[in-house]
Amino acid sequence: MTTDLTPSPVRLHAVAGRGQPDPTPALEELYRGFEQELLVPLWTEIGDLMPRQPQSKAVPHLWRWDRLKALAAQAGEIVPVGRGGERRAIALANPALGGRPFATPTLWAAIQYLMPGEDAPEHRHTQHAFRFVVEGEGVWTVVNGDAVRMSRGDFLPQAGWNWHAHHNAATEPMAWIDGLDIPFSYYTESQFFEVGRERISPAERTTAERSYSERLWGHPGLRPVSKMGAQPVTPLLAYRWVDTDRALADQLALEAEGQAGTLSPGHAAVRFTNPSTGGDVLPTMRTEMHRVRAGGSTLVHREVGSSVFQVFDGSGTVTVGERTWQVARGDLFVVPSWQPFSAQASASGALDLFRFCDAPIFEALHAHRAEVTG
Ligand code: GTQ
Ligand code: FE2
């Protein structure tokens with residue numbers, strides 16, 4: 001018999017419990033045989049592999065915006081942005097995901113920071129992405145040559161495999177958040193990446209108020225007749241705060257007049273959609289803006305898949321599973337799969353929450369469930 005010096009990565013121990021065999025010497029011998037041949041029986045693993053409902057490895061966690069902002073600004077002073085590292089982006093690492101830069105098992109959330117005059121170089125990747133701006137202005141994101149202005153409250157989707165670069169045309173640094181499906185692509189081993197040009201052209205450095213995409217697609221209820229086909233990802237590259245804010249304000253105003261339209265009493269919500277289909281903006285990510293009236297609350301929701309929230313405005317209290325936090329502008333927090341979530345706005349003003357989640361993945365696979373539990 002040859003001795004393999006590499007220890008088997010499989011380690012099996014007899015466990016007590018319903019449906020488990022008695023821990024006899026014969027069982028030990030069987031398990032050593034399994035280890036040698038790299039085999040694992042279902043009966044010792046079933047509780048972890050096939051739980052009665054999702055048991056997320058991720059945990060609820062909150063990151064404070066003032067700390068993120070300060071550290072990003074520090075990075076702005078000492079970390080260059082350019083080819084290789086590609087972006088001055090600093091990701092949220094869920095404390096239960098082994099130190100990986102993953103906010104949840106599927107979602108990446110990062111603060112990105114550009115100093116005045118700086119450029120983040122052009123590249124493209126299969127991961128889907130978006131930007132959301134909680135404060136500041138002055139950066140244009142250039143998507144396939146279309147320069148798109150970024151300002152507070154704007155939501156800027158940017159679907160996979162489009163060339164993109166970012167350019168700070170202002171005299172102040174600017175920070176924003178990026179959401180991508182990097183962990184999903186990582187675990188499913190489906191990523192491609194290409195570098196683009198070193199410098200975008202002077203023509204693409206335009207600081208136009210409105211992008212090509214907004215002039216073509218940014219008119220409510222109107223689509224260009226030259227573009228009647230359904231597009232799998234949104235052709236609109238910017239969703240402006242004036243429109244989002246008015247939609248939320250109108251829902252709450254209708255409610256105050258006794259008319260229907262809010263998601264639940266005191267809770268207005270809108271979803272960013274692809275104007276060519278009415279569906280989610282990106283194939284892997286759903287994005288929404290929520291407003292809870294001053295002193296109001298949401299119902300308690302839970303759903304398959306994970307979410308990341310950023311407080312856009314106001315203050316209040318949020319509860320995720322067993323955790324409750326007081327939150328303020330810019331704070332980010334994670335809701336793991338199937339954990340109950342609710343929010344309460346403070347008495348002094350409305351609470352605005354930007355949310356992104358991975359629900360389109362599960363909907364496409366007919367594996368999505370959601371419920372209101374209270
Ligand atoms: O801005 O292109 O946070 O490619 C991570 C990967 C941002 C970006 C991130 C990226 C980008
Ligand atoms: Fe990118």
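These figures come from a predicted structure and were not determined experimentally.

### Overview of the nonpolar core
Then, number 1: Formed by 37 residues in total, the largest nonpolar core has its most connected members in Phe130, Phe132, Phe155, Met289, Val308, Phe354 and Phe356.
Then, number 2: Setting aside chain neighbours within four positions, we find Phe130 in contact with Phe155, Leu156, Pro157, Gln158, Ile177, Asp178, Gly179, Leu282, Met285, Thr287, Phe354 and Phe356.
Then, number 3: Counting 15 residues, the second-largest nonpolar core is a separate cluster that includes Leu62, Val311, Trp325 and Phe333.

### Comments concerning the pattern of salt bridges
Then, number 1: Under the criterion given, the structure shown has 30 salt bridges.
Then, number 2: Across the pair Asp352 and Arg291 runs a salt bridge, and its minimum N-O distance is 2.7 Å. Taken together, the residues Asp352 in strand β20 (residues 351–357) and Arg291 in strand β13 (residues 286–292) connect sequence positions 61 residues apart. Grouping residues by exposure puts Asp352 and Arg291 together as buried.
Then, number 3: Residues joined in a network through salt bridges with shared partners are Arg11, Glu28, Arg32 and Glu35.

### Regarding the site of ligand 1
Then, number 1: The full set of residues close to ligand 1 is Arg87, Ala89, Trp108, Ala110, Gln112, His123, His125, Arg131, His164, His166, Asp178 and Leu180.
Then, number 2: The side chain of His123 places a nitrogen or oxygen atom 3.0 Å from an oxygen atom of ligand 1.
Then, number 3: Taking His166, its side chain carries an N or O atom lying 2.7 Å from an oxygen atom of ligand 1.
Then, number 4: Here ligand 1 loses 92% of its free accessible area of 290 Å² to cover by the protein chains.

### Let's talk about the sheet that holds β13
Then, number 1: The strand order across the open sheet formed by six strands is β1-β18-β15-β20-β13-β12, and the pairing between neighbours is antiparallel. Each edge of the sheet is formed by a strand with only one pairing partner; in this case those strands are β1 (61–63) and β12 (267–271). Strand-to-strand twist across the sheet, computed as the mean angle between neighbouring axes with direction ignored, equals 20°.
Then, number 2: Pairing of β1 with strand β18 (residues 332–335) involves three bridges; the strand directions are antiparallel. Opposite Trp63, over in β18, you have Leu332 as the bridge partner.
Then, number 3: Docked against the sheet, helix α6 (residues 241–256) engages β12, β13, β15 (307–313) and β20, running at close to 140° with respect to β12.

Parameters and conventions
- Residues numbered from 1 in each chain as written.
- Chains lettered and ligands numbered in written order.
- Predicted model: local features only at pLDDT ≥ 70, side-chain atom pairs only at ≥ 80, totals over all residues.
- Heavy atoms only, no water.
- Core = buried A, V, L, I, M, F, W, Y, C linked by side-chain atoms within 4.5 Å.
- Buried < 20%, exposed > 50% of the residue type's maximum accessible area, 1.4 Å probe, protein only.
- Contact = heavy atoms within 4.5 Å.
- Salt bridge = Lys/Arg side-chain N within 4 Å of Asp/Glu carboxyl O.
- Helix = DSSP H or I, 4+ residues; strand = E, 2+ residues; numbered from the N terminus.
- Near = heavy atom within 4 Å.
- Polar contact = N/O pair within 3.5 Å; in protein donor to acceptor, adjacent residues only side chain to side chain.
- Areas by Shrake-Rupley, 256 points an atom, 1.4 Å probe, with all protein chains shown as cover.
- Pairing = 2+ DSSP bridges.
- Axes fitted to C-alpha atoms, helices over the stretch in contact; angles between N-to-C directions.

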